[in-house]
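One-letter residues, chain by chain:
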Amino acid sequence: MLGFFVLILALLFVGEALSAAFLPIIPGPIIGMALLLGILIARGGVPASFVAPANGLVGLLTLFILPASLGIIAEWGLLGDGWPIFLTVAAAGALLTAAVTALLAWALLPRRQ
Amino acid sequence: MELYPLPFDTGLAWLLFTLAAFWLGTLAYTQSAKHPVLNPMIVAGLLVVPALLLTDTAYATYAESVEMLRWLTGPAIVALAVPLYQSLTQVRQAFFPALVVIVLGASVAMASGAVAMQLLGADLAVILAMTPKSVTTPVAMEIAGRLGALEAVTALFVLTAGVTGALTANAVCHLFGIQDHRVHGLVLGVTAHVLGVARGYSISPEMGTFAAVGMGITAILAALLLPPIAAFVL
């Protein structure tokens with residue numbers, strides 16, 4: 001458990017440092033996640049002691065981003081009168097994405113025996 | 001000087017209220033068999049926003065009170081690699097075709113909203129906020145920060161796309177006569193991020209696993225592609 005948190009914070013630190021020094025356009029936490037994914041692939045498995053704390057942290061991601069999401073009350077004015085159209089665009093884009101992805105997956109995934 | 005400041009001064013009250021609201025939201029979500037509309041973020045938002053307005057609390061004051069939660073986003077995004085790795089190992093021989101599907105599907109997700117917003121003549125910060133709408137919210141907000149897009153507006157678009165996708169993905173697949181749970185899963189993950197993954201797991205483990213792979217790769221792809229593309233176009 002403690003080892004997991006040391007590794008997570010170390011990778012976050014390295015990710016933030018790489019982001020600041022070389023890759024300002026890629027967020028530090030994403031670099032940290034990619035590094036951890038690389039470590040797990042190289043290692044060929046997830047240490048048993050990592051599973052519970054990782055699931056705990058990931059399961060609460062929605063809570064962690066809740067305060068930033070509620071910033072909508074501060075940013076709402078910037079959306080202007082266009083918000084019903086903008087939300088319709090977001091919904092319509094999701095429908096289009098679903099349709100295209102479904103047809104592509106149907107065409108490209110190997111058929112089951 | 002007060003030796004024992006009131007919890008209202010320390011922000012503990014807002015932290016407690018936020019956690020309690022989110023906990024109620026989680027209960028509503030599980031009790032409703034994970035209905036996308038009753039997800040914890042919507043329920044908690046419907047409790048916290050009126051409370052902020054009623055007490056005339058500025059958003060900046062609230063954000064400062066619950067800063068601890070926001071800080072934990074970074075470590076949790078790094079930890080996403082663990083469930084992603086576990087899902088990847090279960091996909092096996094379907095991985096490369098699935099990767100092609102995800103890359104193309106995620107490209108449609110990123111481009112479609114931005115093009116429509118451009119045609120509508122929206123402000124740049126709002127157009128940019130639309131590009132990561134099918135990316136899981138924490139990653140989408142990190143990307144929005146790098147793009148110069150409005151972060152909370154991004155979260156609102158992500159929520160809208162996620163609820164729409166989670167509610168309609170299975171129906172869209174059935175419309176095309178597709179029964180394959182792997183296809184349903186990819187559509188859920190690429191379109192509706194974590195809401196789609198929850199939907200997928202509620203139907204079958206296979207659908208959930210493919211949705212998790214779809215969500216994870218879409219997130220990585222968007223984080224790697226959107227900022228350079230935006231920097232090039234703008």
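How each quantity is defined
- Residues numbered from 1 in each chain as written.
- Chains lettered and ligands numbered in written order.
- Predicted model: local features only at pLDDT ≥ 70, side-chain atom pairs only at ≥ 80, totals over all residues.
- Heavy atoms only, no water.
- Contact = heavy atoms within 4.5 Å.
- Buried area = accessible area lost by both parts, 1.4 Å probe.
- Polar contact = N/O pair within 3.5 Å; in protein donor to acceptor, adjacent residues only side chain to side chain.
- Nonpolar A, V, L, I, M, F, W, Y, C, P; charged D, E, K, R; others polar.
- Core = buried A, V, L, I, M, F, W, Y, C linked by side-chain atoms within 4.5 Å.
- Buried < 20%, exposed > 50% of the residue type's maximum accessible area, 1.4 Å probe, protein only.
- pLDDT = per-residue confidence, 0-100.
- Helix = DSSP H or I, 4+ residues; strand = E, 2+ residues; numbered from the N terminus.
- Expected span 1.5 Å × (residues − 1).
- Domains from an automatic or database assignment.
- Axes fitted to C-alpha atoms, helices over the stretch in contact; angles between N-to-C directions.
- Parallel < 35°, antiparallel > 145°, perpendicular 65-115°, else oblique.
- Left-handed = near helix turned anticlockwise from the far one by under 90°.

### Description of the interface of chain B and chain A
Link 1 in the chain: With 85 residues of chain B at the interface, the matching set in chain A holds 69 residues.
Link 2 in the chain: Between chain B and chain A lies a buried interface of about 7,100 Å² when both sides are counted; carbon and sulfur atoms form 84% of it.
Link 3 in the chain: Considering only the side of chain B, the residues that lose the most area to chain A are Tyr59, Val78 and Tyr85 of chain B, jointly responsible for 10% of the buried surface there.
Link 4 in the chain: Where chain B touches chain A, the interface holds seven residue pairs in polar contact (both at pLDDT 80 or more).
Link 5 in the chain: Considering only residue class, the side of chain B that touches chain A consists of 63 nonpolar, 14 polar and eight charged.

### Notes on the nonpolar core
Link 1 in the chain: Ranked by size, the top nonpolar core spans 112 residues in total, and within it Leu36 of chain A together with Tyr62, Met117, Val139, Ile143, Phe157 and Leu186 of chain B carry the most contacts.
Link 2 in the chain: Formed by seven residues, the second largest nonpolar core is a distinct cluster that contains Tyr29, Val163, Leu195 and Ala198 of chain B.

### Observations concerning the confidence of the model for chain A
Link 1 in the chain: Mean pLDDT for chain A: 89, with 99% of residues reaching 70 or above.
Link 2 in the chain: By mean pLDDT, helix α5 (residues 72–79) of chain A is the weakest element of chain A at 80, and helix α1 (residues 2–21) of chain A is the strongest at 94.

### Regarding helix α2 (residues 28–43) of chain A
Quick reminder: α-helices carry 3.6 residues per turn. Residues three or four places apart thus point the same way.
Link 1 in the chain: A rise of 1.5 Å per residue sets the reference length of α2 of chain A, with its 16 residues, at 22 Å; its end C-alpha atoms lie 23 Å apart and thus fit the reference within 8%.
Link 2 in the chain: Residues of α2 of chain A that are buried include every one of Gly28, Pro29, Ile30, Ile31, Gly32, Met33, Leu36, Leu37 and Leu40 of chain A, and no others.
Link 3 in the chain: On the buried face of α2 of chain A, the contacting elements are α1 of chain A together with α6 (73–79), α7 (81–91), α10 (137–147) and α13 (205–233) of chain B.
Link 4 in the chain: Just beyond α2 of chain A, the residue with positive phi is Gly44 of chain A, at close to 80°.

### Quick notes on the domain arrangement of chain A
Link 1 in the chain: Assigned domains of chain A: these are domain 1 (1–70) and domain 2 (75–113).
Link 2 in the chain: Each of domain 1 of chain A and domain 2 of chain A was reduced to a C-alpha centroid, and the two centroids are 28 Å apart.

### A short note on the packing of α1 of chain A against α2 of chain A
Residues and elements named next belong to chain A.
Link 1 in the chain: Put simply, α1 and α2 touch, their axes get as near as 7 Å, and they point 125° apart. Our classification of the angle between α1 and α2 gives oblique. For the element pair α1 and α2, the recorded crossing hand is right-handed. On α2, the residues touching Leu7, Ile8, Leu11, Leu12, Val14, Gly15, Glu16, Leu18 and Ser19 of α1 are Gly28, Pro29, Ile31, Gly32, Leu35, Leu36 and Ile39.
Link 2 in the chain: Here the residues of the contact of α1 with α2 are counted per class, giving eleven nonpolar, four polar and one charged.

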